[in-house]
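# Coordinates in review
One letter stands for each residue in the lines below.
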Amino acid sequence: LRYFDSLRDRTGKMKAAKYALINFADWLMLDAEIDDVKLNRNLFKLVKLPKDAVSIQQRGQELKDKLFLGDESQVFLDFIELEYEHTLESHQARGKFSINKDRDLALIALLLASGIRLHEIESADIANLDLDNNTLKIWRKGHKQAAKMDTVYIAPFAKPYLIKYLRTRQETYH
């Protein structure tokens with residue numbers, strides 16, 4: 001247990017170490033051909049790890065620094081906005097793309113700018129979008145009882161796409 005305590009300040013290391021030790025003990029029990037070692041039970045499975053003391057907001061702030069903010073995001077969004085339509089072969093596909101272009105660009109920009117999961121976007125409420133602070137409140141992964149409302153940061157490059165979609169949303173989708 002002292003080993004796990006030594007890992008407490010290293011994010012993610014404690015859980016990885018526990019499962020490495022569990023797997024090692026399983027190997028000793030089942031596969032090792034060592035005459036002097038005979039384990040009847042894997043005691044590492046009984047080790048309880050402490051709960052992560054980092055709040056959801058703290059994790060969001062940590063993710064803020066890891067978001068994909070480079071030029072690649074803008075290049076990709078520019079491709080969708082300016083060139084993708086010309087790659088579509090059917091008139092029907094071009095028409096549907098044209099109708100949904102602002103929405104699709106806003107969703108893709110939001111995914112790239114926030115790091116949220118697709119199911120989190122699907123369950124997001126537009127009333128929880130705060131463009132003044134570049135944040136969105138979403139329900140995080142988990143069962144209904146375990147799910148938590150979280151505020152995620154949205155990188156500034158997504159804001160123009162979100163504003164344009166919000167302006168055209170009502171007339172496009174009634």
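The following refers to the structure shown. (Residues numbered from 1 in each chain as written. Predicted model: local features only at pLDDT ≥ 70, side-chain atom pairs only at ≥ 80, totals over all residues. Heavy atoms only, no water.)

## Some points on the overall build of the chain
Across its full length, the chain carries seven helices and three strands. Ordered by position from the N terminus, the helices and strands of the chain form the series α-α-α-α-α-α-β-β-β-α. Burial status across the chain gives 28% buried among its 174 residues. In the chain, 48% of the contacts between residues at least 6 apart in sequence involve partners at least 24 apart. (Helix = DSSP H or I, 4+ residues; strand = E, 2+ residues; numbered from the N terminus. Buried < 20%, exposed > 50% of the residue type's maximum accessible area, 1.4 Å probe, protein only. Contact = heavy atoms within 4.5 Å.)

## A short note on the side chain of D102
Note that D102 resides in helix α5 (residues 91–114). Excluding its chain neighbours within four sequence positions, the residues that come into contact with D102 are K164, Y165 and T168.

## What to know about the environment of K148
Along the chain, K148 falls in the loop between β2 (135–139) and β3 (149–153). Along the backbone, K148 and I138 are ten residues apart, and their C-alpha atoms lie at a distance of 8.2 Å.

## Structural notes on the pairing of β2
Regular strands have side chains that alternate between both faces of the sheet. Across two bridges, the pairing between strand β1 (residues 129–130) and β2 is antiparallel. Its bridge partner lying in β2, D130 is registered against T135. Between the end of β1 and the start of β2, which pair antiparallel, lie four residues, with N134 showing a positive phi angle near 55 degrees. Bridging between β2 and β3 involves five bridges; their strand directions are antiparallel. For T135, the partnering residue across the bridge sits in β3 and is Y153. (Pairing = 2+ DSSP bridges.)

## Concerning the packing of helix α4 (residues 71–87) against α5
A pair of packed helices is captured by two measures, namely the crossing angle of their axes and the spacing between those axes. Packing of α4 against α5 leaves a shortest axis separation of 10 Å and a crossing angle of 175 degrees. When the axes of α4 and α5 are compared, the pair comes out roughly antiparallel. Two secondary-structure elements touch here, α4 through S73, F76, L77, I80, E81, Y84 and E85 and α5 through R94, F97, S98, K101, L105, I108, A109 and L112. Among the residues forming the contact of α4 with α5, the class breakdown is nine nonpolar, two polar and four charged. (Axes fitted to C-alpha atoms, helices over the stretch in contact; angles between N-to-C directions. Parallel < 35°, antiparallel > 145°, perpendicular 65-115°, else oblique. Nonpolar A, V, L, I, M, F, W, Y, C, P; charged D, E, K, R; others polar.)

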